Amino acid sequence: MAGYDNRLLPMALKGFRAKKRLLWWLFLSASGVLGLYLFGFRILRHLETLIPMGVCPAATTPLLKDNFTGALHHRARPEVLTCTSWGAPIIWDGTFDPHVAEQEARRQNLTVGLTVFAVGRYLEKYLKRFLESAEQYFMVGQNVVYYVFTDRPEAMPYVALGQSRLLRVEFVQRERRWQDVSMARMRTLHEALGKQLGQEADYVFCLDVDQYFAGNFGPEALADLVGQLHAWHYRWPRWLLPYERDKRSAAALSWGEGDFYYHAAVFGGTVKALRKLTAHCDLGQQLDRERGIEALWQDESHLNKFFWLYKPSKLLSPEFCWAQPIGWRTEIHHPRLLWAPKEYTLVRT
Ligand code: UD2
């Protein structure tokens, strides 16, 4: 054919292929970004389960005994860490006998306190379900005294209580910022432990309200000083844990410090131990305030500092306070508390 340049066709084909490649590249990148956005988080959380938790040294396991549950059955849970380096048990489902603990608590005729704060909108949103589920699962068959701290005692929901269970409502001022409400709990608890609560309870658990019981939370959880492993962080390497790192803060932990990351939504112990804990955290928060700073996770950062300095005598596995958004995990057999959906825009206004 006259005038036909035989280089045009290959050039056109090349241009077409380049555009096609570019389109494919764009398509794949967009799918990758979308995929990571939608599922990547879950994939990463799944990879986390490959990080080993460590094992209890064989020499220490026979020596590990708990004052409430007796000897611990470490072999029942070989896939998880069941003790700390300082010899405290980490309580996982199957490592203890709940009946032994129940009998022991009844024999000692103990009273267990449960404190919870429901200030502002946290009251309507979470309190009723929290208390009703506690009636079903918390220290069943034991003497229990609930302490609800609220700025609106008149708005308390009605909750039918079982035998040997009491509810006391205490008024607290509402702080302006939610962070201050959270931190002010340490001082209020310290004062309450020094008054009637401290006289009527042998052991006390201090809990966040935005959660609910979903399984038996019994005397197996009792000890002098109890810390809760944080569901989001229990498999993370120590250097990644969200401790306060600013050296100016009283809550600061330097690199290389810290054992585990503890969740402030659950801690407990004897009245004496908790008086010390709450005094320490309150003082730390006060010092930070004077320096014009606030720890990364407020009271939780100070609690983590305290547990680094004064080791808890018992740790609760993440089964005791589980966050469902993390997804399914083989080691989580029997969740005791579940986080309620966080609705910060609704409750923190
Ligand atoms: C995280 C920790 C919490 C605490 C907080 C401080 C979780 C589940 N909990 O909670 O233990 O360390 O960080 O940064 O990760 N409250 C009120 N009214 C308010 C604000 C708080 O009653 O206006 C009470 C309530 O009992 C609540 C608790 O304080 O459950 C902690 O506050 P949060 O649940 O809003 O804080 P959150 O979920 O980030």
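Residues numbered from 1 in each chain as written. Predicted model: local features only at pLDDT ≥ 70, side-chain atom pairs only at ≥ 80, totals over all residues. Heavy atoms only, no water.

Comments concerning the site of the ligand
Move 1: Around the ligand, the structure places 21 residues, and the nearest of them are Phe117, Val119, Tyr122, Gln298 and Lys342.
Move 2: Within the side chain of His263, an N or O atom sits 3.2 Å from an oxygen atom of the ligand.
Move 3: Lys342 places a polar side-chain atom, nitrogen or oxygen, 2.5 Å from an oxygen atom of the ligand.
Move 4: Across the complex, the protein chains shield 97% of the 700 Å² of accessible surface that the ligand would expose by itself. (Near = heavy atom within 4 Å. Polar contact = N/O pair within 3.5 Å; in protein donor to acceptor, adjacent residues only side chain to side chain. Areas by Shrake-Rupley, 256 points an atom, 1.4 Å probe, with all protein chains shown as cover.)

Quick word on the nonpolar core
In a soluble, globular protein the nonpolar side chains are often hidden away together inside.
Move 1: Of all hydrophobic cores here, the largest spans 91 residues; its most connected members are Phe138, Phe205, Phe217 and Leu277.
Move 2: Element by element, the count of residues in this core is highest for helix α3 (residues 122-137), at seven residues.
Move 3: The residues touching Phe217, leaving out its near neighbours within four places in the chain, are Tyr137, Phe138, Met139, Phe205, Val266, Leu316, Phe320, Arg336 and Leu337. (Core = buried A, V, L, I, M, F, W, Y, C linked by side-chain atoms within 4.5 Å. Buried < 20%, exposed > 50% of the residue type's maximum accessible area, 1.4 Å probe, protein only. Helix = DSSP H or I, 4+ residues; strand = E, 2+ residues; numbered from the N terminus. Contact = heavy atoms within 4.5 Å.)

Comments concerning the side chain of Lys305
Move 1: Turning to its location among the elements, Lys305 is positioned in helix α7 (residues 298-309).
Move 2: Although Lys305 lies buried, it forms no salt bridge, and the closest oppositely charged side chain, Glu257, sits 5.5 Å away as judged by the N-O distance.
Move 3: For Lys305, the side chain forms a polar contact with the main-chain oxygen of Ala250, separated by 3.5 Å. (Lys, Arg positive; Asp, Glu negative; His and termini not counted. Salt bridge = Lys/Arg side-chain N within 4 Å of Asp/Glu carboxyl O.)

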